[in-house]
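Close look at the chain arrangement
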Amino acid sequence: MDEQKAYSDVELIVLSKKNPESFGILMERYQGPLFHYIRRITQLPNEDIEDLLQEVFIKIYQKLNEYDEVLKFSSWAYRIAHNHVVDYFRKVNARPQTNTLEDYEWEKIIHASIHIEKNIMDKDCVEKIKTCIQSLSINYREVLVLRFVEDKEYEEIMDILKKPKGTVATLIKRGKNLLVKKMKEQNINCF
Amino acid sequence: MKNLIQDTIRKIETQHITPKPRWKYLLKKYGLWMLFAIVLILGAVSFSMALDNSNNLDWDLYHFMHQDRLMYFLSIIPYFWIMLIATFLIIAFFEIRKTETGYRYSWSRILLITVGGIAIFGIFISLFGLGGRLNSKLTEEVPFYGQHMIVTKESQWMQPTKGFLAGIIVSVSEKKLEIKDLNGEKWNISIDEETLVKPSVNISPEEMIKIIGVKTSENNFKSEEIRPWTGRGMGNDQNGGTMNGNGYRGGMMQGN
């Protein structure tokens, strides 16, 4: 099993179809990124995120034959996670209201969105900006998380969300603009 | 987190979870493309029907109706087919977007593919006369179609009060034609020196013609211009011919 750890995602997919143990290596590779992705776009406690993640992995396993190499495996896995989270919130008839982001993750979004100098940001200001970001709709928050926290390229975001590149670019731009607008409305002036 | 992996593998094994067969995925994938192809074909057929309908109409009659060109165009374009083509375009657009990698195409590219596909394939099938055959069939089988859903050549040329008449020549004399209109009614058509007879008109019995003129009384019509049933009758002589005292000059005229 250990030598399989050096295998590519595609090689592991082929092996996983015959042996679920090989799928374990793929899970090991992606459990961290997918766990954090789900955490960033939901406000669920860790146990719930783990339950969701397990369901996502089972879905990935069931869909292994659908994987098309035109996509990066990671993008495909993120897409399944995204869809599963959307389905989950639809089923429980709720929507993720706040992002459970770490401070450094907030900082990444804030800096990317409003171009302010790190050294002139005070804690109070950051808190106010966080509130503004939290009030954005999930569509905008998710692209901002994918772009500035997950550091995904436009093409990858496009593959994950199954949205055209232009739409992704528009969502990012509008998300940033909305953030600036909300800050102005609430008289947040940190610069 | 280590437990998550082991738990998931155990769940997969104990619940005998297996990857879904590839054929199901391929069926869905190619099914979507097949659906797109069907929509494209239907769009192309609609396009060829619209093309045939438009080709059959005379687009220059606004001169004689003293109407604005744009308003005239708007009154005769085949809305039914245009709306159907637009519907197929929208469906085709979303069909492409639903495919596995459809989201990668920009809307302008998809529009180009669908509009181009419908137009090229539509012209191609028009070359084989499919649009014309279907239009004729539909007009025959569904009278409502020809009467209310499109402007037909027949409806365009069966408006004697507005100055448009069409029919089959029954007899030809020096300054008079007798025709049987599209409803089977007989008309006496007077011709004079001013009547413009288009170059490719064959004025002889059994020929079908279109006449522009004025209805003078019941079943009497003074002609100003005579065209062949098909087309505007433009030959090499763009101005056509006129009648003079010795008969027609410009096209063909054979008395009986």
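Criteria and thresholds
Residues numbered from 1 in each chain as written. Chains lettered and ligands numbered in written order. Predicted model: local features only at pLDDT ≥ 70, side-chain atom pairs only at ≥ 80, totals over all residues. Helix = DSSP H or I, 4+ residues; strand = E, 2+ residues; numbered from the N terminus. Buried ≥ 20, exposed ≤ 12 C-beta atoms within 10 Å, placed from the backbone. Contact = placed C-beta atoms within 7 Å. Nonpolar A, V, L, I, M, F, W, Y, C, P; charged D, E, K, R; others polar. Core = buried A, V, L, I, M, F, W, Y, C linked by C-beta atoms within 7 Å. Domains from an automatic or database assignment. Pairing = 2+ DSSP bridges. pLDDT = per-residue confidence, 0-100. Expected span 1.5 Å × (residues − 1). Axes fitted to C-alpha atoms, helices over the stretch in contact; angles between N-to-C directions. Parallel < 35°, antiparallel > 145°, perpendicular 65-115°, else oblique.

1. So, the overall build of chain B
Along chain B, the regular secondary structure elements total 9 helices and 10 strands. Residues counted as buried form 26% of the 256 residues belonging to chain B. Pairs at least 24 residues apart make up 67% of the contacts formed inside chain B by residues separated by at least 6 positions.

2. Focus: the overall build of chain A
Each helix and strand counted, chain A has 9 helices and 0 strands in total. Moving toward the C terminus, one meets the helices and strands of chain A in the order α-α-α-α-α-α-α-α-α. Taken over 191 residues, chain A has a buried fraction of 35%.

3. Observations concerning the interface of chain B and chain A
Of the residues lining the interface, 20 residues belong to chain B; the matching set on chain A comes to 26 residues. At the level of elements, α1 (2-14) and α2 (22-56) of chain B are the ones that each hand at least two residues to the side of chain B that touches chain A. Here the side of chain B that touches chain A gets 8 residues from one element, more than from any other, and that element is α1 of chain B. A breakdown of the residues in the side of chain B that touches chain A according to their chemical character gives 10 nonpolar, 3 polar and 7 charged.

4. Focus on the nonpolar core
L34, I38, V56, A77, A81 and V143 of chain A are the most contacted members of the largest nonpolar core, which has 46 residues in total. Residue assignment for this core shows that the elements contributing at least two residues are α1 (9-18), α2 (20-41), α3 (46-62), α4 (73-91), α6 (123-134), α7 (138-149), α8 (154-161) and α9 (165-185) of chain A. Looking at this core element by element, the count peaks at 9 residues for α2 of chain A. Formed jointly, this core draws a minimum of three residues from each of two domains, domain 1 (2-91) and domain 2 (103-185) of chain A. Sequence-distant contacts of A81 of chain A, defined by excluding residues within four places in its chain, comprise L34, Y37, I38 and V56 of chain A. Within the second largest apolar cluster, 18 residues are counted, among which are A166, I209, I211 and F221 of chain B.

5. Here we look at the pairing of strand β1 (residues 164-173) of chain B
Residue and element names in this part refer to chain B. Two strands pair when backbone bridges link them, and β1 and strand β6 (residues 208-217) are joined in this way by 5 bridges, in the antiparallel orientation. What sits directly across from A166, in β6, is K210. By the bridge criterion, 6 bridges tie β1 to strand β2 (residues 176-181) in an arrangement that is antiparallel. In the sheet register, V172 faces β2, and the bridge partner there is L177.

6. Describing the confidence of the model for chain A
Looking at chain A, pLDDT values average 83 and 81% of them are 70 or higher. Per-element mean pLDDT across chain A ranges from 68 in helix α5 (residues 103-114) of chain A up to 94 in α3 of chain A.

7. As for the domain arrangement of chain A
A common way to express how large an interface is: the accessible area buried when the components associate. Residues and elements named next belong to chain A. Each assigned domain of chain A is listed with its residue range as follows: domain 1 (2-91) and domain 2 (103-185). Of all the secondary-structure elements, those providing two or more residues to the side of domain 1 that touches domain 2 are α2 and α4. Looking at the side of domain 1 that touches domain 2 element by element, the count peaks at 4 residues for α4. Considered class by class, the residues forming the side of domain 1 that touches domain 2 number 4 nonpolar, 2 polar and 3 charged.

8. Some thoughts on unusual backbone geometry
All names here are of chain A. Although it is not a glycine, D151 adopts a positive phi angle of roughly 55°. Along the polypeptide, D151 turns up in the loop between α7 and α8. For D151, a count of 9 C-beta atoms within 10 Å gives the class exposed.

9. Considerations on α3 of chain A
Taking 1.5 Å of rise per residue, the 17 residues of α3 of chain A would be expected to cover 24 Å, and the 24 Å separating its terminal C-alpha atoms lies within 8% of that figure. Within the span of α3 of chain A, buried status applies to I49, L52, L53, V56, F57, I60 and Y61 of chain A.

10. So, the environment of M34 of chain B
Position of M34 of chain B among the secondary structure elements: in helix α2. Each C-alpha atom of the pair M34 of chain B and E95 of chain B lies 9.7 Å from the other, and the pair is 61 residues apart in sequence.

11. Quick word on the domain arrangement of chain B
Residue and element names in this part refer to chain B. Per the domain assignment, the segments making up chain B are domain 1 (22-149) and domain 2 (158-253). Distance between the C-alpha centres of domain 1 and domain 2: 35 Å. If you look at the interface, domain 1 gives 4 residues, while domain 2 gives 4 residues. In terms of residue class, the side of domain 1 that touches domain 2 is built from 2 nonpolar, no polar and 2 charged.

12. What to know about the packing of α8 of chain A against α9 of chain A
Residues and elements named next belong to chain A. Viewed as axis vectors pointing N to C, α8 and α9 meet at an angle of 105°, and their least axial separation amounts to 9 Å. Regarding the angle of α8 to α9, the classification is roughly perpendicular. Contacts between α8 and α9 involve Y154, I157, M158 and L161 from the former and K165, V168 and A169 from the latter. For the contact of α8 with α9, the residue count by class is 6 nonpolar, no polar and 1 charged.

13. Focus on the pairing of β6 of chain B
All names here are of chain B. Where β6 lies against strand β7 (residues 220-228), 8 bridges are found, and the strand directions are antiparallel. Note on β7: the bridge partner recorded for I209 is P228. Here β6 folds back onto β7 in antiparallel fashion, the turn holding 2 residues, of which N219 has a positive phi close to 65°.

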